[in-house]
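# Analysis of the macromolecular model
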Amino acid sequence: MHTYIISDLHLTPQQPNVIEAFMQFMAGEAQSAEQLYILGDLFEYWIGDDAAPLLGAEPVLAQMQALASKIPCFFIAGNRDFLVGPQFEQASGFKILEDESVIDLYGQPTLILHGDSLCIDDHAHQLFRQQIVTNAEWREQFLGLEIPARIEAAKQARMESQAHKSNVSMEIMDVTESAVLERFADRNVQQMIHGHTHRQATHDYATPAGDARRYVLGDWLTTASVLKADANGIDITNYPI
Ligand SMILES: [Mn+2]
């Protein structure tokens, strides 16, 4: 048995080929897994669960539901889709987990997260996280607006302008290594899996508690980055899109 973990698909109607690749993955390969985790930025942007039809997300949610009715599926929100909520959970069948959750991955305690909380040198992004992403008051106020007003407000919050940048040109700062080492220690784990930076890699660390490893998922732009974990270990494979 195995587990799949993916992130950073950035689904948008502007890139139907990526949506199609996700639909095929969910209807095919994913069915062989015992569980699936999506670690954020599944959607290019999300301005509230009630706006899903506007984004053309309903077929995607239905496909997610079809898999979630068979195997446990989990979702950690990214900095693009942090406004997912209870209606998203219900429509997709995915259970939303807190960012930075520790799971047992085949006997190995593993920290799973979107990854942007590790990019502490990106001060502009950390300010965005503090004032918007993790701000319950902002969230309540924003979601209380009518959808057209949300689109307008999103523009002002620079969400939309960020969302409309292409994945290729988008510069994302990398994680700060001291933040990574802190997490290994604070969360008492030797294994971490995240996305966000789109810099697919496996990084090894020597920590006071022993060897540790950080897996970084890639995006779904020209290839689909899929992490497969089983009792023998972890591999990240890229499938053509
Ligand atoms: Mn991200």
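### Some remarks on the sheet that holds strand 5 (residues 101-105)
Strand order in this open sheet of five strands is 5-6-7-9-8, and the pairing throughout is mixed. For this open sheet the edge positions go to strand 5 and strand 8 (201-207), each flanked by a neighbour on one side alone. Across the sheet, the mean angle from the axis of one strand to that of its neighbour is 25°, orientation sign disregarded. Relative to strand 7 (residues 191-194), strand 6 (residues 108-113) is paired through four bridges, and the arrangement is parallel. Of the residues in strand 7, the one forming a bridge with isoleucine 112 is isoleucine 193. Helix 8 (residues 177-186) rests against strand 6, strand 7, strand 8 and strand 9 (210-216) of the sheet, and its axis sits at about 65° to strand 8.

### A closer look at the sheet that holds strand 4 (residues 95-96)
A sheet is described by the order of its strands in space; here six strands give the open sequence 4-3-2-1-10-11, paired in mixed fashion. Single-partner strands in this sheet number two, and they are strand 4 and strand 11 (233-240). Bridge count for strand 2 (residues 35-38) against strand 3 (residues 73-75) is three bridges, and the pairing is parallel. Looking at strand 3, one finds that leucine 36 is bridged to cysteine 73.

### Looking at the pairing of strand 10 (residues 223-230)
In the sheet, strand 1 (residues 2-6) pairs with strand 10 via four bridges, with the strands oriented antiparallel. Paired with tyrosine 4 across the bridge in strand 10 is lysine 228. In this antiparallel pair of consecutive strands, strand 10 and strand 11, the connection spans two residues.

### Some thoughts on the nonpolar core
Formed by 61 residues in total, the largest nonpolar core has its most connected members in Ile5 and Leu227. Those residues in contact with isoleucine 5, other than ones at most four positions away along the chain, are Tyr37, Leu39, Ile193, Leu217, Leu227 and Ala229.

### Remarks on helix 1 (residues 16-27)
Counted at 1.5 Å a residue, the expected span for helix 1 with its 12 residues is 16 Å, and the 16 Å between its end C-alpha atoms agrees. Taken together, the buried positions of helix 1 are Val18, Ile19, Phe22, Phe25 and Met26. Looking down the long axis of helix 1, one finds its buried residues gathered within 125° of arc, a one-sided arrangement. Opposite the buried face of helix 1, by more than 90 degrees, sit the exposed residues Pro16, Asn17, Glu20 and Ala27. Residues of helix 1 that are buried sit in contact with helix 2 (58-68) and strand 10.

Reading the values: the criteria
- Residues numbered from 1 in each chain as written.
- Predicted model: local features only at pLDDT ≥ 70, side-chain atom pairs only at ≥ 80, totals over all residues.
- Pairing = 2+ DSSP bridges.
- Helix = DSSP H or I, 4+ residues; strand = E, 2+ residues; numbered from the N terminus.
- Axes fitted to C-alpha atoms, helices over the stretch in contact; angles between N-to-C directions.
- Contact = placed C-beta atoms within 7 Å.
- Core = buried A, V, L, I, M, F, W, Y, C linked by C-beta atoms within 7 Å.
- Buried ≥ 20, exposed ≤ 12 C-beta atoms within 10 Å, placed from the backbone.
- Expected span 1.5 Å × (residues − 1).
- Arc of directions from axis to C-beta.

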